[in-house]
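# Tertiary structure, described
Letter by letter, the chains look like this.
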Amino acid sequence: MAGIDFKVVIPARYGASRLPGKPLLEIAGVPLIRHVYERARECTANQIVIATDDVRIAEVCTAFGADVALTRSDHHSGTDRIAEVAATRGWPRDSILVNLQGDEPCMPPALIDQVARDLAGHGSTGMATLAYPIHAAQTLFDPHTVKVVTDADGYALYFSRAPIPWHRDESLGAHEPLPQGVRFLRHIGLYAYRLAFLMRFVSWQPAPLELAESLEQLRVLWHGEAIHVTQALEEPGPGVDTLEDMERVIRCLETAPSIRPQQR
């Protein structure tokens, strides 16, 4: 990562619809948001900012030494929250920003570096993300798992909650082996943006496809912009969407480095 300068912004809101107060939920005695912050500290970013709309989250994060930005509470997404932080802080428009979602305590730090490096290596592209191969039909048919199809150069053609691509000549069932010779990819919700592109993105109205699939990245494709997708170096651990996810996350964190003392 020598020569690549990037920042990580972790959006964290208190009012999650399925799990209110999620960033402050304790896992092994430590708030969820700190586990995410520690994953960011293990990558090579030159700056890490937690962006939140809630004073309670801000106070907890400040107490463990994080750089915290309080944002407006009316943002529709974490992307909008990141754009506000970038504008408020006056970051250069050529900055590379990585959006590490505040409910991903098991995101490998190597993937944070990877998505930033991938964007830096595609100079005409404004956005990059990662994907990982799907090997199980159950995953392919799960609407909570976002799938992505790319072109020959790794640029996204479409993202969907439906099983894509669809193999016309082979029956696809939820419990059948997947067809051979077809690459099925699970999208990983880790994004890198060039700041100039990010500011354009948040100025656009939500697109019809985005609203139908509830996938913000489809706004980019709707407006004819490119998203580069590269295969993740390793499979990320589970995120936290519901209380049922907690046991899986606890098992994942048992193999993660312990919380390091904050450097003062």
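The structure reproduced in this document is the subject of the present report. The model shown is predicted, which means the values in this text are computed figures rather than measured ones.

### Description of the state of the cysteines
Here is the idea: a disulfide is a covalent bond, and it sits between the sulfur atoms of two cysteines. Throughout the structure, instances matching the rule amount to one disulfide. A sulfur-sulfur separation of 2.5 Å characterises the disulfide bridge that pairs Cys106 with Cys252. Taken together, the residues span a long stretch of sequence, with Cys106 in the loop between β6 (96–99) and α4 (109–120) and Cys252 in helix α9 (residues 246–253) at a distance of 146 residues. Per residue, the accessibility class of Cys106 equals that of Cys252, and both read buried. Looking at Cys43, it has no disulfide partner, and the nearest cysteine sulfur is the one in Cys106, 16 Å off.

### Observations concerning the packing of helix α3 (residues 78–89) against helix α6 (residues 195–203)
Two elements in contact, α3 and α6, have axes separated by 10 Å at closest approach and are oriented at 125°. Between α3 and α6, the interaxial angle falls into the category oblique. For the crossing formed where α3 meets α6, the hand is left-handed. On α6, the residues that touch Thr79, Asp80, Ile82, Ala83, Ala86 and Ala87 of α3 are Leu195, Leu198, Met199, Phe201 and Val202. Taken together, the residues of the contact of α3 with α6 sort by class into nine nonpolar, one polar and one charged.

### Thoughts on the environment of Tyr155
For Tyr155, the position within the fold is in the loop between β8 (147–150) and β9 (156–160). Residues Tyr155 and Ala226, 71 residues apart in the sequence, show an inter-C-alpha distance of 6.5 Å. Once you skip the residues sitting within four places of it in the chain, Tyr155 turns out to touch His122, Thr125, Val149, Thr150, Ala226, Ile227 and His228.

### Here we look at α6
Among all positions in α6, only Leu195, Phe197, Leu198 and Phe201 are buried. Burial along α6 is one-sided: seen end-on, the buried residues are contained in an arc of 150°. Buried positions along α6 lie against α3, β6, β7 (127–133), β10 (185–194) and α8 (218–222).

Reading guide: rules and limits
- Residues numbered from 1 in each chain as written.
- Predicted model: local features only at pLDDT ≥ 70, side-chain atom pairs only at ≥ 80, totals over all residues.
- Heavy atoms only, no water.
- Disulfide = S-S within 2.5 Å.
- Helix = DSSP H or I, 4+ residues; strand = E, 2+ residues; numbered from the N terminus.
- Buried < 20%, exposed > 50% of the residue type's maximum accessible area, 1.4 Å probe, protein only.
- Axes fitted to C-alpha atoms, helices over the stretch in contact; angles between N-to-C directions.
- Parallel < 35°, antiparallel > 145°, perpendicular 65-115°, else oblique.
- Left-handed = near helix turned anticlockwise from the far one by under 90°.
- Contact = heavy atoms within 4.5 Å.
- Nonpolar A, V, L, I, M, F, W, Y, C, P; charged D, E, K, R; others polar.
- Arc of directions from axis to C-beta.

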